[in-house]
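# Tertiary structure, described
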Amino acid sequence: MTGQRKTRAQFGSKFGVFAAAAGSAIGLGNIWKFPYITGVYGGAAFLFVYLGFILAIGLPVMLSELVIGRRSRRNAFGAFNKLAPGSPWRFIGSFGVAAAFLILSFYGVVAGWSIKYIFFSLSNTFDGFSPLQIAETFDAFVADPGKPLLYQIIFMILTGAIVILGVHNGIESFSKVLMPILLIIILILDIRAVTLHGAGEGLRFLFHPDFSKLTFEGVLSALGHAFFSLSLGMGTLITYGSYVNKQNNLINIAVQVTVADTVVAILAGIAIFPAVFAFHIEPDGGVGLIFKTLPNVFIQMPGGVIFSVLFFILLTIAALTSAISILEVVVAYFVEELKLHRRSATIIATSLITLLGIICSLSLGIYSNVQVFNKTIFDLLDFISANILLPLGGMFIALFIGWFFGKFRVMREVAQGGSLKGWFLTVFMNLVRFVAPIAIFIVFLNGLKILDAVMALFKR
Ligand code: PFF
């Protein structure tokens, strides 16, 4: 298979690398999840803790993934196999491929809802509805045995179609067009939101911290979300890093993507909270903030139909550029490890993930009585991937770089296309050796609810 190696794809330009990696990071996590968990955990105080984790843990783990990818030029599994042949480290990659499979199955379901909401918005379906009617419409839609599947399948076909075109013609080209559109839409929505009468209260909620509202659970969610939002822990950025050429500066990429992801999450908060407060709606809408709460805002807002259509196009674009990066983890693995052609690899991976996604979607309706550990399949997949596989993957990636790969090889890899100051390397190595693994381990315990049990023991 040396022929395959010689022609291994690469991203074409610096902007292409940035657009693809930022496209992966910026997704449902920024626009759907970040605002609602910020709402649930009390606004600005949560935001500050989240920013701390992004800097101290997210950024170093992201750089670690890029280093592993570019050094090995392999998929998430093959990368560890090449850098640490025969050692148990290679199982980190298997975790990643499994996580990609699971995450994309439910991610596709939520992205499908977003497409449906573009149509709801276009036909002004919610006009004149009470908040209860809007909520009931959403609940009935997601529980329907047919309709959500249709939109999920449409979304998965779009994702597969881009990935099948390849790294350069598919992933990079589409990201380069879609990411600027995303930025323009979110800025339009921000301007609309902050110019609403009474918007100030929403901005205060987002930027004025009240640390008394911050719970332990909030701190842990901030860390978990940092991983999800930056696409870390399952080898997405190992896979993308493997397509980055040696002239690119890995530190710059990691910093730019981290900043872009964080800025877009905050811009999403600015598009949502001022509007929510201006219309006197409670901000802690939880999972339903986007699909149940926001339509109430749009039906009251001048020009609401247009802004609502734009919002759900934004959400769909964000989901699409992330979904292609998740699918690419599986496809690159199929191509390089199972020696499939890209075409068949993409079709097989997309079909299998869509099938699992269909089960996921049905578990919110006709299969809702099928429960494992008291959770529907949808919740179970979300739980296993976000709370177990991603943090575990991230922890091992940090340990791998910190304790196995080591300072000198990091220095050598980063020095290609960039330069590395001594103090930066020292800080980085300490973060990946100690800070990140320990913090992630705590999240992991939390994911398994082990900490709750320990806390309960202390409270007795
Ligand atoms: N970062 C994406 C988001 O914020 O929606 C989700 C995601 C993509 C998670 C890729 C993990 C991943 F590897």
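Each remark here, short or long, concerns the structure printed above.
Numbering of residues starts from 1 in every chain and runs along the sequence as written. Totals for whole chains, interfaces and linings use every residue, but because this is a predicted model, local features are given only for residues with pLDDT of at least 70 and side-chain atom pairs only at 80 or more, for both listing and counting. Side-chain metrics rest on all non-hydrogen atoms present in the structure, leaving aside hydrogens and water.

A few words on helix α7 (residues 131-143). End to end, α7 covers 18 Å across 13 residues, agreeing with the expected 18 Å (1.5 Å per residue, within 8%). We call two residues in contact when some of their heavy atoms are within 4.5 Å. The helix count covers DSSP runs of H or I at least four residues long, the strand count covers runs of E at least two residues long, and both are numbered beginning at the N terminus. Packed against the buried residues of α7 are α6 (90-122), α8 (147-164), α14 (294-300) and α16 (342-362). Working rule for helices: expected span equals 1.5 Å times residues minus one.

It is worth spelling out unusual backbone geometry at this point. The phi dihedral of arginine 73 is positive, around 55°, even though this residue is not glycine. Tracing the backbone through its elements, the reader meets arginine 73 in the loop between α4 (44-72) and α5 (76-83). Classification of residues uses two cut-offs on accessible area relative to the type maximum, computed with a 1.4 Å probe and protein chains only: under 20% is buried, over 50% is exposed, and between them is partly exposed. Since its relative accessible area comes to 18%, arginine 73 is described here as buried. Its identity is not glycine, yet lysine 339 carries a phi of approximately 55°, on the positive side. Secondary-structure assignment places lysine 339 in the loop between α15 (304-337) and α16.

What follows covers the packing of helix α3 (residues 28-40) against α15. Note on definitions: angles span 0 to 180 degrees between N-to-C directions of axes, and those axes are lines fitted to C-alpha atoms, for helices only across the stretch in contact. Their axes nearest at 8 Å, the elements α3 and α15 cross at an angle of 120°. Considering the angle they form, α3 stands oblique to α15. Across the interface between the two elements, Leu28, Ile31 and Trp32 from α3 touch Phe311, Leu314, Leu315, Ala318 and Ala319 from α15. Any angle that falls under 35 degrees is termed roughly parallel, while one over 145 is termed roughly antiparallel, one within 65 to 115 roughly perpendicular, and all others oblique.

A carboxyl oxygen of Asp or Glu within 4 Å of a side-chain nitrogen of Lys or Arg is what we treat as a salt bridge. Taken as a whole and assessed by the stated rule, the structure comprises seven salt bridges. Across the pair arginine 70 and glutamate 413 runs a salt bridge, and its minimum N-O distance is 2.7 Å. Placement of the pair is arginine 70 in helix α4 and glutamate 413 in helix α17 (residues 377-415), with a sequence separation of 343 residues. Each of the two residues, arginine 70 as well as glutamate 413, counts as buried. Taking the shortest distance from any N to any O, the salt bridge between lysine 147 and aspartate 144 comes out at 3.9 Å. Judged by its relative accessible area of 47%, lysine 147 falls in the partly exposed class. Each of Arg70, Arg71, Lys246 and Glu413 takes part in salt bridges that share partners, so that together they form one network.

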